[in-house]
Structures are given as C-alpha cells and as structure tokens.
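Each chain, written out:
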Amino acid sequence: MLSPNSTFYPRPLGVTPAASLPQSPSAPLETSRQLVASDERDAPYFRSLEEVGIRLNGPQISAVRHGKGPLLTLAGAGCGKTTVLAARAGYLMEVSGAHAGSILLVTFTNKAATEMKDRIASLPGIRPAAARAVQARTFHSFALTLLRHYGVQEEIFGESRAQHTVLKMLLRQNGMSEAFQPESLLAMLSAWKMQGSETSDLPEKSQEERDAKRVLLGYEAWKRDRNKMDFDDILLRAAALLRDPAVLGPLQQRFQYIMVDEFQDTNSLQYEIVQKLAAAHRNLMVVGDDDQTIYTFNGARQESILEFDKVYPGARIVTLDINYRSDARILGLGSELVARNKRRRDKRLRAAGHRGDAPRFATPSNTEEEAAWVVNQLCQQVEEGLHTYRDIAILHRTASSSRAIFEQLVLKDVPFVQHGASPVFYDQSLIRPLMDHMRLSLNPRAVDALPSALGPLYVSRDAGLEWIQRSEEQQAKKYPLIHLAKWDKLKPFQQEQVKERIKLIKSLTKLKPVIAIQEMRRQFYDKYMESGDPSIFTHYKETMLETLDEFEAAAKKFETVEEFIQFADELSRRHREMESLRRSQDSDAVQLMTIHRAKGLEFPCVYWIGASEGIVPHSTALRQDIPEDQKAALTVQQTDAELDMALEEERRLAYVAITRAKQYLYITSPASHHGKPADVSRFLLEAFGMEVPDKRKNREESQTGNHAPYGSVSSNWKGNGNTNGKANSNESRTRNGNAAYARSGSRLQGRDAVSPVQRGADQRSAIRQSDRRDFEVLDERDEDRLSERRGSGVIRNHTAFSTTGVNQAASSSNSSGSQSSGTERTETVAIWKCSSSTCKAWLRQKPDGPSAKVSKKTASGPPACPLCSGTMEAGTRKVPVTGRFGR
C-alpha cells in the first residue's frame, strides 16, 4: 500500500537535528547607481542602462568594462551572465567605439543566440542596424556560414533516424547486422571527429576496429556520393578551413572582440576554432561555470575553464557571485554540496533573490510511493493557489527514473509536458518487444505485435513479415509466427528457435507479469540485447539493464499479464488525449525533464526526485564501492582517478538540480531502487556536514578499524569546500586522466543546436532555407536521452575506438594516482571464468581453509556467469594484492 500523504522534513534522513541547513550570505545591495560615479567617463552608459531597469552589481560592472586581452568570467548559477554579455557588447560599441560587425558572440543553442540578439537590440542607444551587425551565433551556425561562403554546398544530413537507417544498410551489406549498434557507432564516430580527427585515421589494430572502420568509411562514402554532410562534419571542415592562413587572417582582422557563452560546454574542436580566431589579438572573453560542467559525455572539457589562465597567461578573472534566482537556503545547500569537489575554482555565491522557503526532504519507501507523494503534494499546492502548474518542474536523473512519476501524472489527469524522452515508458524501443511478446500470449494473431517478435529471433523484420503474410494467405494459423519454422531462408536451428519461442509465448499468460519478464530476459532477451561486439555494446549496457530493471519493478504491481497490458495500453491512450489537449491549449502544465535538460532554466518550485545512492550519484560512478572480487567481473574497468572524476560530475549534476529552484525546493530520496535498499544521496549528507567514507580507502585500512560509519559527523569538515591548493595537488593526475574523455564523447545533441542568424546589412545571408530546417532538427535533439545512457561522463575503454596516446595517458594517470612505489604487487588466485569465448567475465573464488564458508551457490559447482548467464569453469588469474582475503 502506498502512503496517502507525503511528509517533507527540514533535513534528509540520517542528518542529526543538531545539523543546521546551509545558507548563503546576503549579497551587498550596491548597484551601478552607487558604484559608478557620475563624473566617470562611462557613467552615461550605466545611467542609460539604469533607466531601462538594468542595474549591474560590482563584479558585473568589472566584466562589462573589460577592454582588450583575455578574460575568464566565472558565472555562478543565476548570476546574470546573459545580461553581462549583452551589456558588454553595448559597452564596446557605445563607450569603446568598437564597430558592431567586429563583435562575435558564440553560444550553443538557437534559443540562446536569439535571446542574445534581442537583449542587445533592446539596449538603450543601440541602433537596429548595429544590433543586426553583431554576430551572435551558435558554433554550428558560424561554421556553416563559413563553409557556405567558401563554396561548400553539401546538404545537411542530420536526422538521427535516417543516419541509423543508412548504417543498418551498411551493416547488412558487410554481414555485420548483429555486430554493432548504429547509435553507438555514430556516437563513437562523433567523439573521434570532435578531437579533430578524420574517419580515415580510425584505428584498425583489432578485427573489431577494422570492421567498425570499414562500416564507418562506407558511411562517409555514402554521404559523399550524395553530396551530404552531418553536423560533426560542419565543425570538422570549418576547423580544417581555418588552418589556411588565407581564410583565417581576414576573420581575425574582422572579429576583434570574441565572446563565448557556456564556455564549460565547449569540446576540443570548438575550443580550437575559438583559439584560432582570437590568436592574433587575444581579445577573448569566455563566460562559464566549471561547477555546471555536466556534458563531458558530449566532449565538454572542464579544463577549458580550470586551465584558461595557463593557456592565456595574464588573463583577468572576474567572478559573478551574486545570485538573483534562489532563496539563500536553497543556494546555500547547492553551494555547500558542490564545494566538496576538488577539481573546481573556488567560489561562494551570495544571495540576492526573493525569499522563499527552506528546502524540504522526504524518504519514500520506493519510486511508486515517491511518485504518489510528489503528485499529491503539487496538486495540493495548485488547489491552494500557492502555485500554478507551469510554476512547477520535476527533475530526474535518467529517462527510466521518470516512469513512476509519469504514470501518476497521467492517471491523475495532471497536465504536464515531458521534455526529451519517449512519451510512454512501455512504448520505448527497448521495452516494446517484451510487451509485444506478452500481447501475443493474449492474442497470438495481434498483427501490431508481430514485428517486435522477429528481432529477437534474428529475423529480418521486412522479409519475415512478408513471408508470414504470404503464408497466412495460403493457410491461416492460430500462431502466425509458426510459418517461420518452414521458411527455407532460416537455418534448422533458427526454425527450432521459432518453435521454442512460441512455447514460451504460450506459457506467459500463466505467469505473473514480473516472472514473465524475468523468464523472457533469462531465455533470450538479455542475450539478444548483448549481441555484437562487447566493446561497443558496453557503452550502453548499464542503462539498458537499468531500464529493464525498472520495467520489472513496474510489473510487480500486477497479478496477471492481461491486467498489466491493459494498464499500459490505457496509459498510452490517456497520454495521447492529454497531448492533443495540451497542443490545442498550450497552457498550464508541469514540466517533467532530466536534470541535464533543465540546465539554464529556472522555476519557482522544483521537485528533484531520485536523490538516492545509485541514482544520483549514478551507479556507474560508484564502482569504487563494489568489492574487488565483484568489480573484477565488470566488462568495463576504471581507474580510481576516472571514478573520482565521474563522482564529481554527479555532484555537479546535483548542484544543477538544486539551483534550478527559485523559492521552493523539494527533494525525495526513495529508500529502495529496483528492489534493492538505497541510502540517501551522499551529496545531501555532505552538504549538512556529514562525513561519507570512501569505501576504497576503508578496504585498504580495514585492519586498522579507524574508518567512520556512513553518515557520521565529520570532525574536520570545515563546510567551505575546497581550495585551489587541493585542486592543484591533483593537477598532473587529472590532466592525464581527462585525456581519455574524448573517447567517451558522443553526438552533440541539444547543446550545440544552431540557428540561422542574420548577417549585417553589408552581407547576404549564407544560410539557406534548407539549412534553417536542418538547424531546427538539431535544436530539438535530446542531449538528456544520451546523457542517461552514458551515466555521467564515466570513462569507458572502447577498444574498437581507442585514441592514439589516450590509453597511455590513462595508464599513466592510473600509475601515478594509485601507486606510491614502482611495480604493483600481484598474486595468483583461483577464479571462476566464463566458458564463453566472447564473454570476459570472471569471479574470484572464496579461499579454501578450515574457516572458509562454502556458499550454497558454489557448493554444487560453479556459479552462473553474472554477465551472460552462461556456465563458468575453474581457472587462475593474477590480481593486485588487496589484503581482502588474507587478513
């Protein structure tokens, strides 16, 4: 039973009553009215801004007044960076006498570029022609304009489904239909290109690398033959064009002042473009926040900000530290939380926002109860007139973690807009085949469900459906799938698989839905999803398994398959009705989105759901908490330095979630996740001064017994986070470790959305109408869908796409960061290893001895493989000495 009423408390579960809620100090009230004297040369400009309601604070004035030379502007959340960028553009024109056409302002999204131009146009004294002449562009817009100017006429090939279709065709032609996932191939190709590398330079040491390279070269040839280029090609070709002095020189001469927004989100190729444009004069102003670097999976590099003054010696640094968005207690919670990161520039935000309420915390028993609590609470707030629906945002970590809240919103007829993810959980491509197998168990002749059953049988959907249709015309069967058992294009073992699959489908109606799902996963589905090259599949494995686990959790509420299917179909029907109603009214609606998608937005009231260990921080960043013998079975191995960076990015993600709230913030931490106990997120406990121990360190020091229990009060926690000294102590290790980030980059979805921007009056637009439509496609692509697949910038070793020099850097990082002396000590131990030649999993056996306990699982033989469920066999392996078993 779900608890009918939610209960929110002033502290998270596990925090003692003596712990006080962090609170940011109040900001000074002085603005340009007091800080800029009337006799100063630029006073008229600031007076004109004040007349239209723009009153800048001290740090903002300092950034706006900056003239020539490099400037790093650290812009905390809600600190008015857009106002500063627009006001500086106006200052350069009105006070410094710069020509409007000499200003280039680069950002990431169509919306941001449009807003910037509108802000500049609304400044007092700025003529419309001057506002149009300022080049406010996205990276892709600037790059495409450059290419068009120099005669590049290729059409943009940017629609993801079309790209996947082409890759699937090429995989079939090369006999590799089951070897690679098209989405992962495109992601890895994008990461390669965003390093500035050409497809022809892809590695080809292993057979997997050679196969992947052959397919991707075919993809590039397909585009070339049809006069097409994708969004990554735009940046790559523009960067190559800028290496020509004849092209670069005129641009450097024209753009004397360059400003970059959201600088923390730039990847290596974008940064290269900016550096080349600014090389002649160094008049480069970058604005960003290293605490909001949450797109490393897209190639974003935190080093861009952390090392800016090393790349540009003598650069000025201005910190915009006055927050106009959030209540001081909301801001204090976020500031205290992110201060625990070591790799950051030290800054503490001050509050100038409207007073709201202190953050509230709840610990529901599971995600179902969490969803019921949140929806009941927000409905009550709306009924009492405290908020409208549009005031409220619900933020979640991954697409799968929104399933329960989505259902509650639909079932209670709460109007909402879901951003980015597919509309209904049960209609996702990963879930649909399992749902359709259960639909076929209820109605074997359900035509709409047949296509999903063919893929897991490794049968071509189009050809298989055509054969079934022709066979049905000759003789109809109760189970149309049985026609495949007589199809001469299938091998005998495949025909037997069809018969076995039909037996399974018949049995599903007798099982509870959760058991039916588990049985399908055990017999065929997990193996089907894992088919192909392990180094590519691993890229998405964690999220696929997480989504399937969430599917099982959803099914536990139902007793019969029929009841479960009826619920899912009703959910889809009601959601379609709500979508139609919402499109016609375009009115009051709750905003449901991932934390990644919420970046840059703000809401009066925010519900952050899933603030539990394994969700935020994500399980992929917590592998240091797994015992060594279990960690060894993981397909992807990560160094401690890589895990530290992943954990810090998860902490930044939590900071972004908190700082979206203006006046009201509610945080829920379900006590169980996918049926397993889950602690309150360590990030929340740390923000209240609680010490969460490093389990790796505890294992190393287990003999001393001096480690603190989870959630104990720290005796040395100062509360003010880190210093630059701490960050510098890790500098060499983290620089090497981050070299590997480019390998886990991905499609530049959403963050690099581009817009057509008007040229100045003296130039014709080089962006065609077809380009405008393609830009709209890019602007609507969903970075959150990809981010939830990647964990949070967790570095993975994809052998098929290794980067020259990267593996060495990563290993160097590991050796310097993990070993204090020379060679690592190893020992030979007994293990269980998977008998499959394609599976690399292994488990350490328990040591023999009079005191050793033999588990029931291994007493009768080897355990099942934790990855592929196959059989395991005895063997030996050299492993680092950990002291775990030899105390």
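Let me sum up the structure you'll find in this document. Computed from a predicted model, the values in this text were never measured in an experiment.

**Quick notes on the packing of helix α4 (residues 81-94) against helix α5 (residues 110-122)**
Now for step 1: Running from N to C, α4 and α5 point in directions that differ by 50°, and their axes come no closer than 9 Å. Classified by the interaxial angle, the pair formed by α4 and α5 is oblique. Here α4 and α5 pass one another in a crossing that is right-handed. Residues T82, T83, L85, A86, A89 and M93 of α4 pack against E115, M116, R119 and I120 of α5.
Now for step 2: Considered class by class, the residues forming the contact of α4 with α5 number six nonpolar, two polar and two charged.

**Quick look at the pattern of salt bridges**
Now for step 1: The tally for this structure, following the rule as stated, stands at 56 salt bridges.
Now for step 2: Shared partners join several salt bridges into a network, and the residues in it are D289, D290, D291, R344, D346 and K347.

**What to know about the packing of helix α9 (residues 182-193) against helix α10 (residues 207-225)**
Now for step 1: Following both chains from N to C, one finds α9 and α10 inclined at 80°, their axes separated by 11 Å at the closest point. As far as their axial angle goes, α10 and α9 are roughly perpendicular. Note on element contacts: α10 touches α9 through A212, V215, L216, Y219, E220 and K223, opposite L185, L186, L189 and K193.
Now for step 2: Across the contact of α9 with α10, the residue classes tally to seven nonpolar, no polar and three charged.

**Some words on helix α2 (residues 43-51)**
Now for step 1: Within the sequence span of α2, burial applies to A43, Y45, F46, S48, L49 and E50.
Now for step 2: Looking at the buried side of α2, the elements it contacts are α1 (32-35), α3 (58-65) and α4.
Now for step 3: Just downstream of α2 lies G53, where phi reads positive at about 90°.

**Things to note about the packing of aromatic side chains**
We describe a pair of aromatic rings using the distance from one ring centre to the other and the angle between the two ring planes.
Now for step 1: Evaluation of the coordinates by the stated rule reveals 25 aromatic pairs.
Now for step 2: Taken together, a centroid distance of 5.7 Å and an interplanar angle of 75° make the contact between Y45 and F46 edge-to-face. Exposure class is identical for Y45 and F46. Each is buried.
Now for step 3: An angle of 50° between the planes, with centres 6.0 Å apart, marks the rings of F46 and Y91 as tilted. With F46 in helix α2 and Y91 in helix α4, this residue pair connects regions lying 45 residues apart in the sequence.
Now for step 4: A relative accessible area of 5% means that Y91 is categorised as buried.

**Topic: the sheet that holds strand β7 (residues 284-288)**
Now for step 1: Taken in spatial order, the six strands of this open sheet run β3-β2-β6-β7-β1-β8, and their pairing is parallel. Each end of this open sheet is capped by a strand with a single partner; those strands are β3 (135-138) and β8 (316-320). Looking at each pair of strands side by side, their axes are set apart by 15° on average, direction ignored.
Now for step 2: Two elements, strand β1 (residues 71-75) and β8, share five bridges in a ladder whose sense is parallel. Looking at β8, one finds that L74 is bridged to T319.
Now for step 3: Across the face of the sheet, helix α13 (residues 268-278) comes into contact with β2 (103-107), β6 (257-260) and β7 while running at roughly 160° to β6.

**Describing unusual backbone geometry**
Now for step 1: Of note, the bond from V616 into P617 is cis; its omega dihedral lies within 30 degrees of zero at 5°.
Now for step 2: Phi at D413 is positive, roughly 55°, even though this residue is not glycine.
Now for step 3: Examined against the element boundaries, D413 turns out to sit in the loop between α18 (403-411) and β13 (416-418).

**Section: the sheet that holds strand β14 (residues 590-594)**
Now for step 1: Pairing is parallel across the open sheet formed by six strands, whose spatial order is β11-β16-β15-β12-β14-β13. Taken across any chain shown, the strands that pair with only one partner, and hence form the sheet edges, are β11 (360-362) and β13. The mean angle between the axes of side-by-side strands here comes to 20°, regardless of whether they run parallel or antiparallel.
Now for step 2: Judged from the three bridges that link them, β11 and strand β16 (residues 661-668) form a sheet pairing that is parallel. Each residue of the ladder has a partner; that of A362, found in β16, is T668.
Now for step 3: Strand contacts of α18: β12 (392-396), β13 and β14, with the helix running at about 150° to β13, the strand carrying the most contacts.

**Quick word on helix α7 (residues 139-149)**
Now for step 1: Among the eleven residues of α7, ten are classified as buried, and the element is accordingly described as predominantly covered.
Now for step 2: Residues F139, H140, S141, F142, A143, L144, T145, L146, L147 and R148 constitute the buried set of α7.
Now for step 3: Where α7 ends, the next residue or the one after it, G151, has phi of about 90°, a positive value.

**Quick notes on the environment of R844**
Now for step 1: Examined against the element boundaries, R844 turns out to sit in strand β22 (residues 842-844).
Now for step 2: R844 sits 15 residues away from V829 along the chain, and the two C-alpha atoms are 7.3 Å apart.

**Examining the pairing of β7**
Now for step 1: In terms of burial, β7 is a largely internal element, five of the five residues being buried.
Now for step 2: Of the two faces of β7, the one lined by L284, V286 and G288 and the one lined by M285 and V287 are each fully buried.
Now for step 3: Across four bridges, β1 lies against β7 in parallel orientation. In the sheet register, T73 faces β7, and the bridge partner there is V287.
Now for step 4: As judged from the three bridges shared by β6 and β7, these two strands associate in the parallel manner. Following the sheet pairing, I258 is matched in β7 by L284.

**Remarks on the nonpolar core**
Now for step 1: The biggest cluster of nonpolar side chains holds 88 residues, and the ones touching the most others in it are I120, W608 and I667.
Now for step 2: Residues in contact with W608, not counting those within four places in the same chain, are L395, I595, V616, A654, A657, I658, Y666, I667, T668 and L684.
Now for step 3: By size, the runner-up hydrophobic cluster in this structure holds 55 residues, among which are A371, L378, F558 and V590.

Conventions adopted
- Here the residue numbers are simple positions, counted from 1 along each chain's written sequence.
- This being a predicted model, a pLDDT of at least 70 is required before a residue's local features are given, and a value of 80 or more before pairs of side-chain atoms are given or counted; all residues contribute to the totals for chains, interfaces and linings.
- Processing note: side-chain calculations cover all non-hydrogen atoms of the structure and skip hydrogens and water entirely.
- For helices, the axis comes from a line fit to the C-alpha atoms of the stretch in contact; other axes are also lines fit to C-alpha atoms, and the angle between any two N-to-C directions lies between 0 and 180 degrees.
- A run of H or I in DSSP becomes a helix once it reaches four residues, and a run of E becomes a strand once it reaches two; helices and strands are each numbered from the N terminus.
- Geometric relationships in this document are graded by angle, where less than 35 degrees denotes roughly parallel, more than 145 denotes roughly antiparallel, 65 to 115 denotes roughly perpendicular, and other angles denote oblique.
- Each crossing gets its hand from how the near helix is turned against the far one by less than a right angle, where anticlockwise is left-handed and clockwise is right-handed.
- Note on contacts: a residue pair qualifies if any of its non-hydrogen atoms lie within 4.5 Å across the two residues.
- Three categories are distinguished: nonpolar for Ala, Val, Leu, Ile, Met, Phe, Trp, Tyr, Cys and Pro, charged for Asp, Glu, Lys and Arg, and polar for the others, with Gly belonging to the last.
- For salt bridges, the criterion is a side-chain nitrogen of Lys or Arg within 4 Å of an Asp or Glu carboxyl oxygen.
- Accessibility here uses a 1.4 Å probe with only protein chains present; expressed as a share of the type maximum, an area under 20% marks a residue as buried, one over 50% as exposed, and anything in between as partly exposed.
- A pair of Phe, Tyr and Trp rings is counted when the ring centres sit within 6.5 Å of each other, with Trp represented by its six-membered ring. The angle between the planes then sorts it: under 30 degrees is stacked, over 60 is edge-to-face, the rest tilted.
- Strands are labelled as partners when DSSP assigns at least two bridges between them.
- For this analysis, a nonpolar core means a set of buried residues of the types Ala, Val, Leu, Ile, Met, Phe, Trp, Tyr and Cys, connected via side-chain atoms within 4.5 Å.

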